[in-house]
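Okay, here's what each chain looks like letter by letter:
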Amino acid sequence: MNFKKILIAFSLFSFTATYAEPTFINDTYEINTSMETEEEQNPLDMKKINELLIEKEALQKELVDNNIWSKIYSNYHTYQELEQQQRSLNTNIIRLEKIKKRTQQEKEELQSAQEDMITLLGKLQLLKEYEKDPFKKFLTPPTLDDVPTVENPFAVIGALSYREKIQSDIETYNNRYESLQSIVEKFKAKQLILKKLLKLDPLNLEYINEQKDTVDQLKTFIPVLEIFNTTKNVYSKKIDEIELNLKNDIQREIEKTVTIGAIILFFLFLLFLIKFFVKKYMSEEESFYAINKALNISFVSILILILLLAYIENVSYLVTILGFASAGIAIAMKDWFMSLMGWATIVV
């Protein structure tokens, strides 16, 4: 009887072991399969993260290298942090100074705080220009000098030179605006990359802090860009107006100079033509000399009169100038006038 019971118990144990083992194996298999699936998914996520990190590093390099805007922001941010440290340190110094009976440790702490304050004030003094409006000098357009007035042919050269200068200034100013615009676009791209990284790794503190810094930088740069855009538009319109006025003045002066030149050439041609006929039909040398001199003086007088009428704005000055010109002509023609007076004396 005992033997039968042992046999039955042994059979039951064998049956349980036989059917229980596959279940254990199946459970183990399921666990292993789940782990393998996670291991297969993780490399795909890491691959995406690495690609995003490479893009981010490339953007960061562009933002740092030869970028005056980032350097200004960095100095501005440093100044703000130093000011915050100063306030905190100043509070601590006031607290320690209010203690009448200080311990040795408190004395040392006060002395150390005062020394740190001196160092901190020195740093703040060095970065003083970044206290308020650090971007102001870069947003301010180049100063426009007095616009030259084109009133004679020589002023045309100065006007052309001035046009080249303001064109160079506006080009430099536009390049400065484009560089700031590019920086803002890069920060937006960096922010987008960080959002993708945080979706893949939402608990990464480095990504969270970097995202916060990028948002702060965008909050600083976007208003600056808007102000810059408005200033640039106003400055560009002013430059366009100056260039248009200069262009019209230069064109008018060139036309005026060409007209005066044509008139002078006409009188010069007439002078040579008269001289040719006088030389051809006048035999007496002395008479020819006197007439030739009179013709030269007449031509010079006409030339001076033309130039005076063309370029003197206030015509009332013309009377005075003609008076001096007449005296000059009389002195220059004194021999001719003396000969004429001598001839008149002999005849009379």
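Right above here is the structure, for reference.
For every chain, the first residue of its written sequence is number 1, and the numbers climb from 1 along that sequence. The model is predicted, so local features are restricted to residues of pLDDT at least 70 and side-chain atom pairs to those at 80 or more, both for listing and for counting; the totals for chains, interfaces and linings are taken over all residues. Values reported for side chains reflect all heavy atoms of the structure, with hydrogen atoms and water molecules removed beforehand.

Caption draft 1: Spotlight on the side chain of Lys190. Secondary structure elements are defined from DSSP: runs of H or I of at least 4 residues count as helices, runs of E of at least 2 residues count as strands, and each element is numbered from the N terminus. Tracing the backbone through its elements, the reader meets Lys190 in helix α5 (residues 153–200). Here Lys190 is in contact with Lys56, Leu59, Gln60, Leu63, Glu210 and Thr214, once residues within four sequence places are set aside. Contact criterion: two residues are considered in contact whenever any of their non-hydrogen atoms come within 4.5 Å of each other.

Caption draft 2: Structural context of the packing of aromatic side chains. Pairing of aromatic rings covers Phe, Tyr and Trp, the last counted by its six-membered ring, and requires centre-to-centre distances within 6.5 Å; plane angles under 30 degrees mean stacked, over 60 mean edge-to-face, and any other angle means tilted. Counted under the stated rule, the structure contains ten aromatic pairs. Plain terms: the ring middles of Trp69 and Phe138 are 5.8 Å apart, the flat faces sit at 55° to each other, and that makes the pair tilted. Of this pair, Trp69 sits in helix α2 (residues 68–98) while Phe138 sits in helix α4 (residues 136–139); the two residues are 69 residues apart in sequence, bridging distant segments of the chain. Here's how the labels work: a residue is buried when its accessible area is under 20% of the maximum for its type, exposed when over 50%, partly exposed in between, all with a 1.4 Å probe on protein chains only. With relative accessibility at 0%, the residue Trp69 sits in the buried group. Aromatic side chains Phe266 and Phe267 sit 5.6 Å apart centroid to centroid with 70° between the ring planes, which places their arrangement in the edge-to-face category. Note on Phe267: relative accessible area 25%, which makes it partly exposed. Members of the aromatic cluster, each reached through a chain of ring pairs, are Trp69, Tyr73, Phe135, Phe138, Tyr173, Tyr177, Phe187, Phe221, Phe228 and Tyr235.

Caption draft 3: View of the pattern of salt bridges. What makes a salt bridge here is a side-chain nitrogen of Lys or Arg within 4 Å of a carboxyl oxygen of Asp or Glu, nothing more. Taken as a whole and judged by the stated rule, the model has nine salt bridges. Glu210 serves as the salt-bridge partner of Lys56, at 3.0 Å between the closest nitrogen and oxygen. Taken together, the residues span a long stretch of sequence, with Lys56 in helix α1 (residues 2–64) and Glu210 in helix α6 (residues 205–281) at a distance of 154 residues. Note on accessibility: Lys56 and Glu210 belong to one class, buried. Among the charged side chains, a salt-bridge network with shared partners connects Lys56, Glu57, Lys190 and Glu210.

Caption draft 4: The arrangement of a nonpolar patch on the surface in detail. Side chains of Phe266, Phe269, Leu270, Leu273, Ile274, Phe276, Phe277 and Tyr281 sit close together on the surface and give an oily, nonpolar patch of about 820 Å² of accessible area. Relative to the helices and strands, Tyr281 resides in helix α6. Note on Tyr281: relative accessible area 61%, which makes it exposed. The residues that make up patches have over 30% relative accessible area and no salt bridge, and they are joined within 9 Å when like-charged or within 5 Å when they are Val, Leu, Ile, Met, Phe, Trp or Tyr. Areas reported as accessible are Shrake-Rupley estimates using a 1.4 Å probe. Residue values count occlusion only from the protein chains shown.

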